[in-house]
Structure formats: structure tokens, C-alpha cells
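Residue-level structural notes
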Amino acid sequence: MMGGSSLIKVRPNSRQYHRFFSLSEDLNAIRWTPTSKKSSKAMVPIDSIKEIRTGKNTEVLRSLGHNEDCSFSILYGEDFESLDLVAATSEEANIWVTGLNALVGAQKSPDGLEEMQALRERWLQEMFEQAAADNSGYLDQCSAIDLIQKLSASGKVNTVRIRQKLTEFDQSRNDGRRGTIDSKEFIDMFKEVATRPEIYFLLIRFANKDYLCVEDLQLFLEGEQGMGDLTHEKCLEIIHQYEPTSEARTNGQLLIDGFTKYLLSDECDIMDPAHLRVCEDMNQPIAHYFISTSHNTYLLEDQLKGPSSVEGIVRALSNGCRCIKLDCWDGIHEPFVYHGNTLTSKVPFRDCIEVIREFAFVYSPFPLVIHLENHCSVDQQKVVANILRITLRGLLYIHRGDSQVEVGQMSPNDLRNKILIMGKKLPLDWKEDKGEVTDEDEGTETNKRKEKHKKIVICKELSDIVSIVRCRFIDFQTSKQIQTSQELCSLSESTAVRLAHGYAEDFVNHNKVFLTRVFPNGSRVDSTNFNPQDFWNCGCQFVALNFQTPGQMMDLYDGRFRQNGGCGYVLKPLIMRDQMSFFSANARDMVPGMSPQILYIKIISGQQLPRPRGSTAKGDVIDPYVLIQVYGIPADCAERKTRTVSNEGDCPIFEESFEFQLMLPELVLLRFVILDDDYIGDDFIGQYTIPFDCIRTGYRHIRLLSNTGEPLENATLFVHVAITNKKGGGKLFKKKSKTEKILVDVRMIGLKQIDDMLRGISQEVEEAIKVRQDTENAMDDLRTECGLSDAANMKQCLRVLLQRLSACQQVQNISIHERGGLPMLKVDATNMPTHLHRTVAMLEKTIIEFQYMIDNSDRLTEKLNNSLTSLLEFYEDLPNLANNAAIKGKKYSKLQENYSWDVRVLRGQIDLLESCKKCCKQAIAQVLSSASMIGNYNNKERSPSIRNQRKLNLCCKRPSIDAQSSGARRSPTSPISLSPANEIKPKSILKKSNSNIEQGSVNYANLSPTNSTRSNSWISESISLEKNEGY
């Protein structure tokens, strides 16, 4: 900034000019050249700046195709004129935006930055003196390193950087005290090596100062992090917990070290803490869950000659596995477990069962399935049955033949702390001691040849304890006719892929009722794994992987079962459980009745990234980049990557934003992978995989894992996340496109009685959509007025409005009071500027729209529910009605499809109404929760010491004078003397590159303005201003 930059200046007519921008020598104005204006007019005084907006968040920039991260706007003057600029790089834009925020903040509190820096330095001085126990005023280098590691809020600091600084100190020292440092050197070194620049810049960008007061912290937590029910006391508690400086704790301030420590804490982890425990409905039928399943669990390596061990079973159970596979073969006295007809070692069957009994419910209380592939003789089958009964005792669940409920219809809660046996079973009415069943070998399960299948003998003792029965899959129509819910089809990977590609919708419908297991092809002798997402998309419950083989596919598996407390059971999306739902796993369009969500991710920085495992030829430095992979249905799959940061593993700054549209977010897995761009052969550094439903919005740290799933010490990824329909940076809804309109249209099915009803339902759906759209448009207009992105929430809008009002000299007081039962912003002002009047009016309009939605959502939901009930009453009689109307064959299939479509649309609209109502309540609650905070914030920001302060001078060269102390207003660059006592050194923030941008810098689509006239009853004189004014 001080040296100047070449920026693109965009005029209101969209013309673009390359200009050279710089700060004036006294840092009190921005200038640009060349210009046709007088030099005194080609400038913006710092004290006239009202806002600095990141991204394309003005009308001029929105119409252009520039990079979001490189664009920013300066709003200045009483009329909020806009200076729209585009930098060559995002880093250059960050320098300007952060530096300008620092200068604007310094105008409000001239000594604020210096005071906080002095406070931090006093704390470091105190810590230094305590460590220097000999009172010599010096620390040896080892003690200095230990002290920095102890005080650093970011965890372990790279000692290489510290030693480089110590070497620099030694080289410049000639006093005979080499190998030691004094307190000043220690403080300077600590601030350089232990300060996260991107977090320091975040403080500047958010609060216009380098600390957060209680009110700033509350705004940050509610607006950015999505936290609710916050109080002044709770914010103070956070400050006291994380701020290391006693003075700052006393003052209720969170400095850079405390803020860094807080952002690195579990409270700011990307994983939703709700999913650290069981949080899903565990009373659904087992067929409605994805179940963690291991293939050949006893193997530790490959399928041909690797060792077999109970250690494999322990590892799987500790990883949340709920289905274990054992291959049983005859032993000398008792059966063995090993991979038959291979060179794998053997482990006694009894040992396996004893280990299972010991660890079965240590990590999850929900039912464990032992998939028993039996290759034993009848005599040793009896031994197997005896071992199971005696060892497991009360843990063993044996399903009674006269039970009214089949196993597949029982819930995980019904079977808590029970072990079920899966295998072949004789008919229930079998009376003899033994009988024949089809061959147990999984390789024959999918044999489509017409030859007669091989039979084996099974004893009744073993058959009686089998609860989940393996059956042969023929086709979906046959299964629908003869399969029971306690039977399970075991499919090879190849067969399952063929069904998923050719019969995706039938596959999903099959798995709504029946159980399916998918296992790796026999050709995977090296124990590699397939992509489990392909079969989760089809609703398969038991997708078996080789747990002993780490890698990308096991990362996805671990990620999927990380949710719901890691209990091994994950509830499938409703659309994959509901019999009336219309869904195909291969669909690339939007799911009918469901609103897609938009995921915005900003990769900010990485911390303490290690070298790739096994690297020896390369030096200590790495060239990292981040790969973001999205897994889900085909319409949701995507992959994006950041730029490579060369030679930086300690704190690489990426600063790149990405956007993903998700059609079925409940199935989505997000995988963050950090790779070394230069290393050949093994470029993997770390990864983390998380289900979409577990992601928290806001500024989050991701704790990276190795390729085996082990945590990498101190290695993290710092990101910002915003999601539509999510609190904390999420917008209510996405603008409805023509395609989406088609997908919410009610379809006629061809039966007059039902079609007449559907015409009335169509009007109800349109009314529900209009009410939601009006709510959406009101919120979008408020965001536009506040200059925020489409992902901003109510608290963020309030923050911007509060900052504007606090900076306005005509405003005497700001408060929130109740009007008509709603919390409204009350502004006491004389001749308030038009743009502020308009924004306050828009806030009121939005609150009224929200309340209208809340008041009418129950009525609309009830109407849609009644219509849905009436429509579902025709379900059982649909075949007869179609037969009477002579609708058969393909026409009948189309009728069923349209009927299911309409049911899904109705249910989707009901869900969207409920979601909208919840969002509206949260928004109004955010306004209510701001009442006390606004009072405190307003008192601090508008105190006489702030409002009547001297103008800040950041440089001693050509300082300016405050207009109040001179007879006539002088130019900000006019030279005037200033006493040395008032000289202030330039901030380092003006020299460093910023490494963080706020949420507003992410590129979001715009919504159309509301056309609703219902809200106009509240309009005051401000609405007349709104028609003709703009900025």
C-alpha cells in the first residue's frame, strides 16, 4: 500500500481504467494517477471512508466478470459514493482491504492498536522475566525456544524458523553474549514467528482493531459462527478461558493470542459436536440405515498370503464396524478362521468369538452382525454353534419363528447390545437334524448360469441361531414377490455396479424394504477397495470394505460413519426410505420437491503441514496445495483445487473460494486432501473427510489425518464455510430457476378423480412457494442494502447497519424496542442520511415479512398435509382405478411415476415451509438477542472520547490537523507540525499481505427483488426515499 499498486478502477458505466493507487505520505488519503481531475480531487480521505466491501458487492462490480477474491469497493462520503477496484491478485486485494480497515479503525481509536500492542508486549515481558530466573535479563536459546512453544497459541512452532531468527541475533551481537537474547529480541521474535497473520488480519477486518471486545465477540459468534443463546456473561467466560493476558481479561478483551487459541479449540472445529454422540432416530427398521461393514475382517493384509489375526477384528470394532465377516473351515479339533484355498494364516474360531464378546459393545451399543460363511463339516458346525451359544450367552440374539416382527423390521434400539448371526438357514418347519442349502461361497452367489447350484449340508443347531438369512438374488421383481425382510442378498461388486447403472431406481426401492450386502470382487487379491459411495447412492445397507487397507476409499468410509456418534449406524435420507418417494441414484437433475443447497468454501491457510511420509530425497520444504473432493449422487460429484504455495509448510496461505451446488446434500461427503506438488511418488500429506450434515459454518479449523486415519500433530487447515439453509452464514433459500419451477410443478396422472384434486393442490403449492419467495426476496433486498453477499444472515446485516449508524454524526442513539410485537430498530437522529433511512426501513420490512411467514406457515402446512393425506388415500386403490380407466403397461408405470412425483413434491414443500419458518424464527431471535449488545456497543462506539477525538496520524512526515482545531478545514495532506509525543509509527499491517477475507468475498448469485405488496402497510416516509435514491 505504501509503495502503491496498479489497480483497475471501475466506473458506474462499467468502463475500466488502469490506475496507480497509493497512500498519501501522511497515510490520511488514497490517491491515484493518472487522472483528468485535479490532483486534489483524485483522492479519497481516510476519514471519509464509511465501509470497505470485499468481493463483488456493489451494483457496478456485480455486473462484471472479475474474480471475486480480487475485487473490493471503498464507500466514502456522506452519500456513500463507491470506488470500485480490482486488484491483479487476491493477495494484493487483501493488502488494501486489511490496511484500509486498520486505518479506518485507527481513526475511531487513535491509540487502540498501540495500547493493545503494548498490553501484549507487557504480557510477553512478564513471561520472559519469569523464565529468566537469574534476573540477568537474558535467556539462553534453548529456554527461549521452550518459552515460545509454551506461549504460542498455535501449538508447536517450527523450531527451524526460531533458530534462523536466533542466528540473525547472534550475527548482529558483539557484546559477548552470543547464544542468548534479551526481552526486546524475544518479544520481536515471538510476534514474528508465533503470530498467525491471517487471524490477525481477520481481527482487523472484523472489528477495525486488533482485538475483540465483548460486543465484537458476540457479533462474531452469532453472525459468523452461527451460535445462539449467547449472553454478555457467556462471551466474558470465553474471553476468560482463552485470553492469556490478565489485563485483557480484566478489560473484557480478546487479543490475537486468545483469539487464535479460541479458533483452534474444539469450539471452532468443523465437526458439529451434535454428531459426536448418537443424534439420529434409532427406532427405524434396520433396512433404513447404512451399516458399517467389514469384509474378511480377520485379515491384516492381502487376500492370498497375508496373516490372519484377531487384531483385525479389534481394529474393525474400534473403528465402529457393526458387521464382521468370518470364514469358518474345519480344524483338527475346532474350526479355524482363514481365507480358504489360500496361503493366509489361520486363527481359532473360538479366539475370534471371545474377542468379539470382549469388544462388541465397547465403541457402540447397537447390534453387531457376525457374517458367518460356513465351510465346515456337520460335526464342526455343531462345535461352531456350541461356541457361539456358550461364549456369547445373553448377547446372542436368536429370532423366534413365531415372532410378529421380522428382524429386518426391528430397529437398532430394539436390538441394543445384541449380536446377530448372518448366514444360511434351513426352513423354519425343518424337523431333521440337518439339511441342504446352496453353497456358502460368496463367489457363487451371483453366478447367473442356468446350471444347478451346488448344495452343502448344514446342521439344524447352527441354522437355529441364524437371524439374518442370506438368500440368492435373481432380479428385483422376484425379490419383491418372494423375499422377506429378514433375508439379505449378498452381491459382488460387479453385479452391484451393473444393477446401480441399469436399474438405479429399482435398486433404491428394493433397499427401502430389503437388506443388501455388497462385497469386493474376488479379483481384488491385494485387498484394495471400491468406491462405497456408488452403493450408498442406491441405499445398500451393508457395503463391505477391506478395513486393513488405508487410502481414499477408507477415508470416505470413515467419513460416512464419523456422524451419529461413530456408532456404525447412519440413517438414510428420507427420500431413500419413503415408499412414495421418487428417486434415482443416477439422476443429474434436481430431486423433486427438494431445494438444492449451495456450499461455499474458502480455503484460507494450512498450519504445520508435515513432509509426505517416506520422503527422503527432498529437503525440508514442501509445495502444498489443497484438493476438495465432493462425493454424492452423480449430480453432486465435483473436484476443485487451490493454487500451489511454493516452499511453505508452516503456514501456507491459499485464500481461494469455491462454490458447490448440492442436489441431495444428505448423501454428500466432503474430502479435503493436502498434497505436495513437487514430490514424486508419494505426494499425500494429509486429509479429512466429513459428511455434509456434520459441517459447521463459519471460520473453522480442520484437524488433518494421515492416510491411516491417525491425527497429524498440530496439522490443521483453516477454512470458512457458508451453506444455504444453514445458520451462521447461510442464506434462507436459493433463487428459483425455471428448472426448479418445473420440479415443483404438480403433475396430472390421467385419472379424473385424482386430477381434480391435484389442480387444487397445485394452487396450494404455488401459494406456499410465493410466501417463501417473498420472505427470500425481503432478506435478499436487506443484504443488498447492507452490501453483503447472498450468504449473509440477519446478525451480519445488523452488524453492518450498526457500524454505519455509529459512524453517523446525526444519530444520537440506537436501540431495539418492541413495536407491534416485533423487535424493531429505533434510531434517534436528526436529518438521518437517506441511505441509512432506507436501510433501517428495509430491516423493518424484512422483519415483518419474517413474521408473516411465521404466522401463516402453520396454516399452509396444515393445508398441504391435508391434501397429502387425501392423495395417499388413493394409493391402495390406484391399481383398480387405473384398471377401470383401461390404463395398463407403460401408461400405468407413468401414472405411478407421476403419482409418486406429486407425493414427493407435497412432502418437499411441507419440509421447506418448516425450514423457512425455523429460519425466520432464528432471524428474529438474532434481532432480539442484539438488544442489550447494541446498547453496550453503541455506548462504547459513540462515547465522547471516540467522537471528539483527534484525527489519527500514522506517519511523522507530513501529518494533518483536525478540522476542529483549525479555523478552516484543511486538506488531509496539508503539511503541519506535530509534537513528537503524538507521533505514531506506521502499522506493520500496511506492509504485510493479508491472508484472510471475510465471507462477503465469496461469489454468490443474486436474488430478484420482491414484488410482494402485502408488506406495504408498514411503509413510512422512508419508502418514498427508496424509490428515487441509491448509492
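Residues numbered from 1 in each chain as written. Predicted model: local features only at pLDDT ≥ 70, side-chain atom pairs only at ≥ 80, totals over all residues. Heavy atoms only, no water.

Formally: UniProt positions are given in the numbering used here, feature names are shortened, and annotations may be inferred rather than shown by experiment.
The name recorded for the protein in an unreviewed UniProt entry is Phosphoinositide phospholipase C, from Gryllus longicercus. Per UniProt, the comment on the protein under Subcellular location (unreviewed entry) is "Cytoplasm". Turning to the protein, the UniProt annotation filed under Catalytic activity (unreviewed entry) states: "a 1,2-diacyl-sn-glycero-3-phospho-(1D-myo-inositol-4,5-bisphosphate) + H2O = 1D-myo-inositol 1,4,5-trisphosphate + a 1,2-diacyl-sn-glycerol + H(+)".

1. Looking at the overall build of the protein
What counts here: Each helix corresponds to a stretch of at least 4 residues labelled H or I by DSSP, and each strand to a stretch of at least 2 residues labelled E; elements are numbered beginning at the N terminus. Residue burial is assigned from relative accessible area. The probe radius is 1.4 Å, only protein chains are included, and a residue is buried under 20% of its type maximum, exposed over 50%, and partly exposed in between. Contacts are residue-level and defined by heavy atoms, with any inter-residue pair within 4.5 Å sufficient. Computed by Shrake-Rupley with a 1.4 Å probe, the accessible areas treat only the displayed protein chains as cover when residues are assessed.
Helix and strand counts for the protein stand at 28 helices and 34 strands. When burial is assessed residue by residue, the protein has 59% of its 1031 residues classed as buried. The contacts of the protein with a sequence gap of at least 6 include a subset with a gap of at least 24, amounting to 71%. Carbon and sulfur atoms make up 47% of the accessible area of the protein, which amounts to about 42100 Å² in all.

2. Thoughts on the pattern of salt bridges
To be explicit about the condition: Salt bridge, as used here: a side-chain nitrogen of Lys or Arg that lies within 4 Å of a carboxyl oxygen of Asp or Glu.
This model, assessed by the stated rule, comprises 34 salt bridges. In this structure, the salt-bridge partner of R804 is E51, at a minimum N-O distance of 2.0 Å. With R804 in helix α23 (residues 794-807) and E51 in strand β5 (residues 49-54), this pair connects stretches of sequence that are 753 residues apart. As far as burial versus exposure is concerned, R804 and E51 are alike and both buried. For E373, the salt bridge identified is with K325, shortest N-O distance 3.4 Å. One end of the pair, E373, is in strand β16 (residues 368-374); the other, K325, is in strand β13 (residues 323-329), and 48 residues separate them in sequence. Judged by relative accessible area, which is 4%, E373 ranks as buried. Looking at K325, the relative accessible area reads 2%, which means it is buried. A single salt-bridge network, built from bridges that share partners, covers E51, R53 and R804.

3. With respect to the sheet that holds β5
Test applied: Any two strands with at least two DSSP bridges between them are considered paired. Whenever a helix is involved, its axis is fitted only over the stretch in contact; in every case the axis is a line through C-alpha atoms, and angles between N-to-C directions fall within 0 to 180 degrees.
Spatial ordering of the open sheet is given by β4-β3-β2-β1-β7-β6-β5, a layout of seven strands whose pairing is antiparallel. In this open sheet, the two strands that pair with only one neighbour each are β4 (43-45) and β5. Between one strand axis and the next, the sheet turns through 30° on average, direction left out of account. Where strand β3 (residues 29-33) lies against β4, three bridges are found, and the strand directions are antiparallel. Of the residues in β4, the one forming a bridge with A29 is P45.

4. Regarding helix α22 (residues 752-786)
Each turn of an α-helix holds 3.6 residues, which means side chains three or four residues apart point in the same direction. Put simply, the rule is: Each helix should span, by expectation, one fewer than its residue count multiplied by 1.5 Å.
A rise of 1.5 Å per residue sets the reference length of α22, with its 35 residues, at 51 Å; its end C-alpha atoms lie 51 Å apart and thus fit the reference within 8%. The first or second residue beyond α22 is G787, which carries a positive phi of 70°.

5. Quick word on the nonpolar core
How we decide: Throughout, nonpolar core names a set of buried Ala, Val, Leu, Ile, Met, Phe, Trp, Tyr and Cys residues whose side chains join them through atoms within 4.5 Å.
Counting 91 residues, the largest nonpolar core has F259, L263, I754, M794 and L825 as its most contacted members. Counting residues per element, this core draws most heavily on helix α26 (residues 889-941), which supplies 14 residues. If we ignore the near neighbours within four places in the chain, the residues touching L263 are I199, L202, F220, C268, Y699, H701 and F718. If you look at the next biggest cluster of nonpolar residues, it comprises 75 residues, including L368, L499, V518 and L556.

6. Considering unusual backbone geometry
Here T33 and P34 are connected by a cis peptide whose omega angle stands at -10°. Relative to the helices and strands, P34 is located in the loop between β3 and β4. Notably, R393 is not glycine yet its phi reads approximately 50°, a positive angle. The residue R393 is located in the loop between α14 (378-392) and β17 (419-423) in this model. Since its relative accessible area comes to 62%, R393 is described here as exposed.

7. Some remarks on the side chain of R671
To keep it simple, the criterion reads: Identification of polar contacts relies on pairs of N or O atoms within 3.5 Å, with a donor-acceptor requirement for protein atoms, meaning one able to donate a hydrogen and the other able to accept it, and with residues adjacent in sequence counted only if both atoms are side-chain atoms.
For R671, the location among the structural elements is in strand β29 (residues 669-676). Within polar-contact distance, the side chain of R671 engages the side chain of D555 at 2.8 Å. A polar contact of 2.8 Å, which involves the side chain of R671, links it to the side chain of Q629. The contacts of R671, once residues within four sequence positions are left out, are Q552, D555, L556, L627, I628, Q629, Y631, F684, Q687, Y688 and T689.

8. Some remarks on the state of the cysteines
For clarity, the threshold we go by: What counts as a disulfide here is a pair of cysteine sulfur atoms lying within 2.5 Å.
Counted by the stated rule, this structure contains zero disulfides. The thiol of C328 is unpaired, and the distance to the nearest cysteine sulfur, on C376, comes to 5.3 Å. Between C919, a free cysteine, and C916, which holds the nearest cysteine sulfur, the sulfur-to-sulfur gap is 6.6 Å.

9. Some remarks on the packing of aromatic side chains
Cut-off, in case you're wondering: Two rings from Phe, Tyr or Trp (for Trp, the six-membered ring) form a pair when their centres are within 6.5 Å of each other. A pair whose planes differ by under 30 degrees is stacked, one over 60 is edge-to-face, and the rest are tilted. Charge-over-ring contacts are defined here by two conditions on Lys NZ or Arg CZ: a distance within 6 Å of the ring centre and an angle within 35 degrees of the ring normal.
In the structure shown here, the tally under the stated rule is 23 aromatic pairs. A centroid spacing of 5.5 Å and a plane angle of 45° characterise the contact between F128 and F186, whose relative ring orientation is tilted. Of this pair, F128 sits in helix α3 (residues 112-131) while F186 sits in helix α6 (residues 183-193); the two residues are 58 residues apart in sequence, bridging distant segments of the chain. On the basis of relative accessibility, which here comes to 1%, the residue F128 falls in the buried class. Taken together, a centroid distance of 6.0 Å and an interplanar angle of 75° make the contact between W536 and F561 edge-to-face. Residue W536 is found in helix α19 (residues 533-536), and its partner F561 is found in the loop between α20 (552-560) and β24 (569-571); the two are separated by 25 residues along the sequence. For F561, a relative accessible area of 6% corresponds to the buried category. Among the aromatic side chains, those forming a connected cluster through ring pairs are F206, F220, F259, Y699 and F718. Looking at K641, its charged tip hangs above the ring of Y625, at a distance of 5.1 Å from the centre. Residue placement shows R747 over the ring face of W901; its charged tip is 3.4 Å from the ring centre.

10. A short note on the pairing of strand β7 (residues 81-86)
Summarising the sheet, strand β1 (residues 5-10) and β7 pair through three bridges and their orientation is antiparallel. If you follow I8 over to β7, its bridge partner there is V86. Here strand β6 (residues 71-76) pairs with β7 via six bridges, running antiparallel. Across the sheet, S71 pairs through a bridge with V86, a residue of β7. Count of turn residues in the β6/β7 antiparallel hairpin: four residues, of which G77 carries a positive phi of about 80°.

11. Quick look at the environment of K434
Examined against the element boundaries, K434 turns out to sit in strand β18 (residues 434-438). Judged by relative accessible area, which is 46%, K434 ranks as partly exposed. With 25 residues separating them along the chain, K434 and C459 place their C-alpha atoms 4.1 Å apart. In this structure, K434 is in contact with V378, L426, V457, I458, C459 and K460, ignoring residues within four places of it in sequence.

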